[in-house]
Amino acid sequence: MIIKKRKFLFFTSARIILDDQKLVRAFHEKKYHYLSGLSYRRFDFGPAVSVKQKQTILIDLVPQPEKILASFHDTTRNEIRRTFRMPDVTFVSDDKNLRAARTLYRRFETFQKRILPFPVSLVGHRLFSAYSHNELIAAVLCYDAPPILRARAIFSRRHETHSPKERNETGYATRRLVYEASRWGHEHGYQFFDMGAINTRDPAKASITAFKRGFGGKEIDEYTYTSTSMIIAFLTYLKHKRSIEKSLLL
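I will try to describe carefully the structure that is included in this document. Everything numeric here is computed off the predicted structure, so don't read it as measured data. (Residues numbered from 1 in each chain as written. Predicted model: local features only at pLDDT ≥ 70, side-chain atom pairs only at ≥ 80, totals over all residues. Heavy atoms only, no water.)

## Quick notes on the pattern of salt bridges
Counted by the stated rule, this structure contains 16 salt bridges. The shortest N-O distance in the salt bridge between Glu160 and Arg107 comes to 2.7 Å. Residue Glu160 is located in the loop between strand S8 (148–156) and helix H5 (164–187), and its partner Arg107 is located in helix H4 (residues 98–111); the two are separated by 53 residues in the primary sequence. Overall, the relative accessible area of 35% leaves Arg107 in the partly exposed class. Among the salt bridges present, the one from Arg150 reaches Glu222, with a minimum N-O distance of 2.6 Å. On the criterion of sequence distance, the pair formed by Arg150 in strand S8 and Glu222 in strand S10 (residues 218–228) is long-range, its members being 72 residues apart. Neither residue differs from the other here; Arg150 and Glu222 are each classed as buried. Because the salt bridges share partners, they merge into one network encompassing Asp94, Lys96, Arg126 and Asp144. (Salt bridge = Lys/Arg side-chain N within 4 Å of Asp/Glu carboxyl O. Helix = DSSP H or I, 4+ residues; strand = E, 2+ residues; numbered from the N terminus. Buried < 20%, exposed > 50% of the residue type's maximum accessible area, 1.4 Å probe, protein only.)

## A word on the side chain of His186
Following the sequence through the fold, His186 ends up in helix H5. Polar contacts involving the side chain of His186 include one to the main-chain carbonyl oxygen of Pro63, which spans 2.9 Å. (Polar contact = N/O pair within 3.5 Å; in protein donor to acceptor, adjacent residues only side chain to side chain.)

## Let's talk about the nonpolar core
Nonpolar side chains tend toward joint burial in soluble globular proteins. Among the nonpolar cores identified, the biggest contains 32 residues, and Ile59, Phe72, Ala130, Phe193, Met195 and Phe215 are the most heavily contacted of them. Those elements that provide at least two residues to this core are strand S4 (50–60), helix H2 (65–70), strand S5 (89–92), strand S6 (125–132), strand S7 (135–145), S8, H5 and strand S9 (192–198). If one sorts the elements of this core by residue count, H5 sits on top with 7 residues. Ignoring anything within four residues of it in the chain, the contact list for Phe193 reads Ile57, Leu58, Ile59, Leu61, Val140, Cys142, Leu149, Ala151, Val178, Ala181 and Ser182. (Core = buried A, V, L, I, M, F, W, Y, C linked by side-chain atoms within 4.5 Å. Contact = heavy atoms within 4.5 Å.)

## A few points about the packing of aromatic side chains
This model, assessed by the stated rule, comprises 11 aromatic pairs. Look at Phe72 and Phe215: their rings are 5.1 Å apart centre to centre, the planes differ by 85 degrees, and that puts the pair in the edge-to-face class. Residue Phe72 is found in the loop between H2 and helix H3 (74–82), and its partner Phe215 is found in the loop between helix H6 (206–213) and S10; the two are separated by 143 residues along the sequence. For the pair Phe72 and Phe215, a shared accessibility class is recorded, and that class is buried. Put simply, the rings of Phe27, Phe43, Phe45, Tyr223 and Tyr225 pair up and form one aromatic cluster. Across from the ring centre of Phe84, 4.1 Å away, lies the NZ or CZ of Arg176, which sits over that ring. A cation over an aromatic ring shows up here: Arg176 above the ring of Phe91, its NZ or CZ 4.2 Å from the ring centre. (Phe/Tyr/Trp six-rings, centres within 6.5 Å; stacked < 30°, edge-to-face > 60°. Lys NZ or Arg CZ within 6 Å of the ring centre and 35° of its normal.)

## Here's the deal with unusual backbone geometry
Omega for the bond connecting Pro146 with Pro147 falls within 30 degrees of zero, at 10 degrees, which places this linkage in the cis form. Locating Pro147 in the fold gives a position in the loop between S7 and S8. Of note in this structure, Lys30 is not a glycine but carries a positive phi near 55 degrees. Its identity is not glycine, yet Asp94 carries a phi of approximately 50 degrees, on the positive side. On the secondary structure map, Asp94 appears in the loop between S5 and H4. On the basis of relative accessibility, which here comes to 18%, the residue Asp94 falls in the buried class.

## Some details on the pairing of S10
Relative to S10, strand S3 (residues 34–39) runs antiparallel, the two sharing 6 bridges. Paired with Leu35 across the strands is Ser227, a residue of S10. (Pairing = 2+ DSSP bridges.)

## Re the pairing of S7
Two faces, one strand: in a regular strand the side chains alternate between the faces of the sheet. Counted residue by residue, S7 has 10 buried out of 11 residues, so it is predominantly covered. The hairpin turn running from S7 into S8, its antiparallel successor, is 2 residues long.

## Re the packing of H3 against H5
Interaxial distance between H3 and H5 falls to 8 Å at its minimum, and their mutual angle equals 100 degrees. By the angle between their axes, H3 is roughly perpendicular relative to H5. Residue-level contacts link Thr76, Glu79, Ile80 and Arg82 of H3 to Tyr172, Arg175, Arg176 and Tyr179 of H5. A breakdown of the residues in the contact of H3 with H5 according to their chemical character gives 3 nonpolar, 1 polar and 4 charged. (Axes fitted to C-alpha atoms, helices over the stretch in contact; angles between N-to-C directions. Parallel < 35°, antiparallel > 145°, perpendicular 65-115°, else oblique. Nonpolar A, V, L, I, M, F, W, Y, C, P; charged D, E, K, R; others polar.)

Shape descriptors only; they carry no functional weight alone.
Put into structure tokens, the structure is as follows:
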């Protein structure tokens, strides 16, 4: 899939997710002032394009859903099964309630001290949601890049409650959503569910890495390619410089 948007008046940018043909063409055409792409393949686009290598986890969606569930690690599988005995929690695949998702996502990122912009347009995304008494408690937002569903963000209100019972139920619901996304993907002809990049070196990311590894799957390399025009780089530098100067004056 390709996400396009305009930046700084007539300057254009694009992000290409798991579409190697469009990725190669875009970097060769050089029509974007900022271009970022994600691929499982290693390309050489020249010294002007930076490359970051990470690892991600792929869940095979070809088997039947019961076999997909059986492939998860014991703890993850058992916690998912607990959600079948939670009558007050409902799960929605390909949810269209994007407003609620934006609100919860912002709160989740703020709690994590990561103030990140949520995309204005979610064209090409799939949302999988869990509700308790009609309130959104967890969600998995995915890039839709057939035959791949790739987790873009996994978030919940787990950190907003002091009740151990509610925290556990929200954690179980989050795991159930990965299963629901996998089942939906299987039913719609997708081959893999991509859990998103893992970080095996940063101790602060150990819990999210363990969460993702709990679904089994195959760990593979992924590559993020980025190209920025000189003028965009300069404008970004000026914006960053002004932010530093402003903080020094406070």
